Amino acid sequence: MNGFTTLSASNVLGYEDAKSTAEFLLSRTDHRPTIGVICGSGLGGMVKLLTDTDSFEFRDIPNFATSTVVGHAGKLVFGSLQDKSVVLMQGRVHMYEGHSARKVAFPVRVFKLLGVKTLIVTNAAGAINRTYNVGDLMVICDHINLVGLAGLNPLVGVNDSRFGTRFPPMSTAYDKGLRSLGLKLASELGMKEFVREGVYSFQSGPMFETVGECRLLNVLGADVTGMSTVPEVLVARHCGIRVFGVSLVTNRCVMELDSDEVPNHEEVLMMGEKRSADMQRLISEFVGKIVD
Ligand SMILES: O=P(O)(O)O[C@@H]1C[C@H](O)[C@@H](CO)O1
Ligand SMILES: Nc1nc2[nH]cnc2c(=O)[nH]1
């Protein structure tokens, strides 16, 4: 099944599949995580923060897709962070790798059945907002789901009410309390200068945007643009998991036709590496302060 499967054929990877994957994992680890973390491009170094780990390759987990992108290790790691039990995806899969939105977001349904109550999603993104700088972190307050508005989203298909309601609201997708906590911590950690709050726009990729597309996204009110995160957030909100999202600005989107700048994945990974310490500090402190 790929990203362009018809709506009627999209009911695979349902509750029973998530349950059997969760049972597979729970029988192989003693961790009982209430916090899930998904690491974006170049941000998987966060795994080093965890102690007492149990690690699984995506390819060895039933129903998981395998990551094919450099900078996404493709491991699911259980461990302790700030005395809390956490499950962390070191990398993710994307729709542009040939997967449906449902397949991409499936791990979040597994998280739900593992007992996760709070999801932290991170990603690398390009800046549309001209006041943003490369290296900025952006707490996500809202998203524009270009792919989903066209009908390609993980909640299409028969609704399974064991996960959630048929028509989930998304106006409150990014939890207000968690956003305030994230911004407060960023301030306390001396990161105020490079931490923003803004809107993430999702397109399928794998192409970086044209100049015209970037200009369009600017008019739409996007602050950054990326190729992930939103399917995971939709599934999390559908099943009642709270969401905190952070984008790392790895490049400025090109808005002038005569520009010499050309976005590329190497630059994205390099910036991930450069800012990884700050991202890790913020997420680690954040996890320590989460109240279930
Ligand atoms: O998984 P994320 O959203 O961090 O990855 C971004 C989008 C593309 O996969 C890649 C482009 O460099 O980085
Ligand atoms: N769509 C998109 N994704 C990104 N991920 C990192 N940078 C970019 C970008 O400029 N555009």
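Counting from 1, residues in each chain are numbered in the order their sequence is written. Working convention: letters from A go to chains and numbers from 1 go to ligands, in the order in which they are written. The predicted origin of the model limits local features to residues at a pLDDT of at least 70 and limits the giving and counting of side-chain atom pairs to 80 or more, whereas totals for whole chains, interfaces and linings rest on all residues.

This paragraph deals with the pairing of strand β1 (residues 35-38). Our exposure labels follow a C-beta count within 10 Å of each residue's own C-beta, placed from the backbone: buried means 20 or more other C-beta atoms, exposed means 12 or fewer, and partly exposed covers the counts in between. Each helix is a run of H or I in the DSSP string that is no shorter than four residues. Each strand is a run of E no shorter than two, and both are numbered from the N terminus. Burial along β1 is two-sided: Ile35 and Val37 facing one way and Gly36 and Ile38 facing the other are all buried. Two strands are said to pair when DSSP picks up at least two bridges between them. As paired strands, β1 and strand β4 (residues 84-90) are joined by four bridges and run parallel to one another. In the strand pairing of β4, Gly36 is matched with Val87. Where β1 and strand β5 (residues 118-127) come together, four bridges link them in parallel fashion. Looking at β5, one finds that Gly36 is bridged to Leu119.

Of all nine residues making up helix α6 (residues 230-238), nine are buried, and the element is well covered by its neighbours. Residues Val230, Pro231, Glu232, Val233, Leu234, Val235, Ala236, Arg237 and His238 constitute the buried set of α6. Phi for Gly240, located one or two positions after α6, is positive at around 80°.

As a rule, any residue with its backbone-derived C-beta atom within 6 Å of a molecule or strand is reported as near that molecule or strand. Near ligand 2 lie 15 residues; those nearest to it are Ala124, Gly126, Thr225, Gly226 and Val268. Of all the secondary-structure elements, those providing two or more residues to the shell around ligand 2 are β5, β8 (224-226) and β9 (242-252). If you tally residues by element for the shell around ligand 2, the top one is β5, at three residues. Only Asp, Glu, Lys and Arg are considered charged in this grouping, and only Ala, Val, Leu, Ile, Met, Phe, Trp, Tyr, Cys and Pro are considered nonpolar; every other residue, Gly among them, is considered polar. Taken together, the residues of the shell around ligand 2 sort by class into seven nonpolar, seven polar and one charged.

What follows is about the site of ligand 1. The full set close to ligand 1 counts 13 residues, and Gly40, Ser41, Asn123, Ser228 and Val268 are the nearest of them. Breaking the shell around ligand 1 down by element, the ones donating at least two residues are β5 and α7 (265-289). Per-class residue counts for the shell around ligand 1 are four nonpolar, eight polar and one charged.

For this entry, the nonpolar core is defined as buried Ala, Val, Leu, Ile, Met, Phe, Trp, Tyr and Cys residues connected by C-beta atoms within 7 Å. The biggest cluster of nonpolar side chains holds 76 residues, and the ones touching the most others in it are Val37, Leu88, Leu119 and Val243. Sorting elements by how many residues they give to this core places helix α2 (residues 101-114) first, with eight residues. Those residues in contact with Val37, other than ones at most four positions away along the chain, are Met46, Val86, Leu88, Met89, Ile120 and Ile283. Two residues qualify as being in contact provided that their C-beta atoms, derived from the backbone, are within 7 Å of each other.

For the rest of this paragraph, the subject is the pairing of β5. Counting buried residues in β5 gives ten out of ten residues, a clear majority hidden from the surface. Sheet analysis places β5 next to β8, joined by two bridges and oriented antiparallel. Its bridge partner being in β8, Ala127 is matched across the sheet by Val224.

UniProt positions are given in the numbering used here, feature names are shortened, and annotations may be inferred rather than shown by experiment. Mapped onto the present numbering, the UniProt feature "binding site: a purine D-ribonucleoside" (unreviewed entry) falls on Glu209 and Asn251. A maximum C-alpha distance of 11.9 Å is found for the annotated residues, which run over 43 residues; spatially they form one tight group. Judged by C-beta crowding, with 20 C-beta atoms within 10 Å, Glu209 ranks as buried. Excluding residues within four positions of it along the chain, Glu209 makes contact with Cys214, Thr225 and Cys253. Turning to its location among the elements, Asn251 is positioned in strand β9. Apart from the residues lying within four places of it in its own chain, the contact partners of Asn251 are Gly126, Val134, Pro263, Glu267 and Val268.

Time to look at the packing of α2 against α6. At their nearest, the axes of α2 and α6 sit 8 Å apart, and the two run at 50° to each other. What the angle tells us is that α2 and α6 run oblique. Crossing handedness for the pair α2 and α6: right-handed. Only Pro231, Glu232, Leu234, Val235 and Ala236 of α6 make contact with α2, whose side of the interface consists of Ala101, Val104, Ala105, Val108 and Arg109. Helix axes are fitted only over the stretch in contact, all axes being lines through C-alpha atoms; the angle between N-to-C directions runs from 0 to 180 degrees. Convention used here: angles under 35 degrees read as roughly parallel, angles over 145 as roughly antiparallel, angles from 65 to 115 as roughly perpendicular, and any remaining angle as oblique. Rotating anticlockwise by less than a right angle from the far helix to the near helix defines a left-handed crossing, while the corresponding clockwise rotation defines a right-handed one.

Turning our eyes to something else, we now look at the UniProt feature "binding site: phosphate" (unreviewed entry) in the protein. With numbering aligned to this structure, UniProt lists the feature "binding site: phosphate" (unreviewed entry) at Ser41, His72, Arg92, Val93, His94, Ala124 and Ser228. Considering the C-alpha atoms alone, the annotated residues occupy 188 residues of sequence yet fold into one spot, their largest mutual distance being 13.5 Å. For Val93, the contacting residues outside a window of four places in its chain are Ala65, Ser67, His99 and Val104. Tracing the sequence through the fold places Ser228 in the loop between β8 and α6. Classification of Ser228 as buried rests on a count of 27 C-beta atoms within 10 Å. If near-sequence neighbours (up to four positions away) are discounted, Ser228 is found in contact with Gly40, Arg92, His94 and Asn123.

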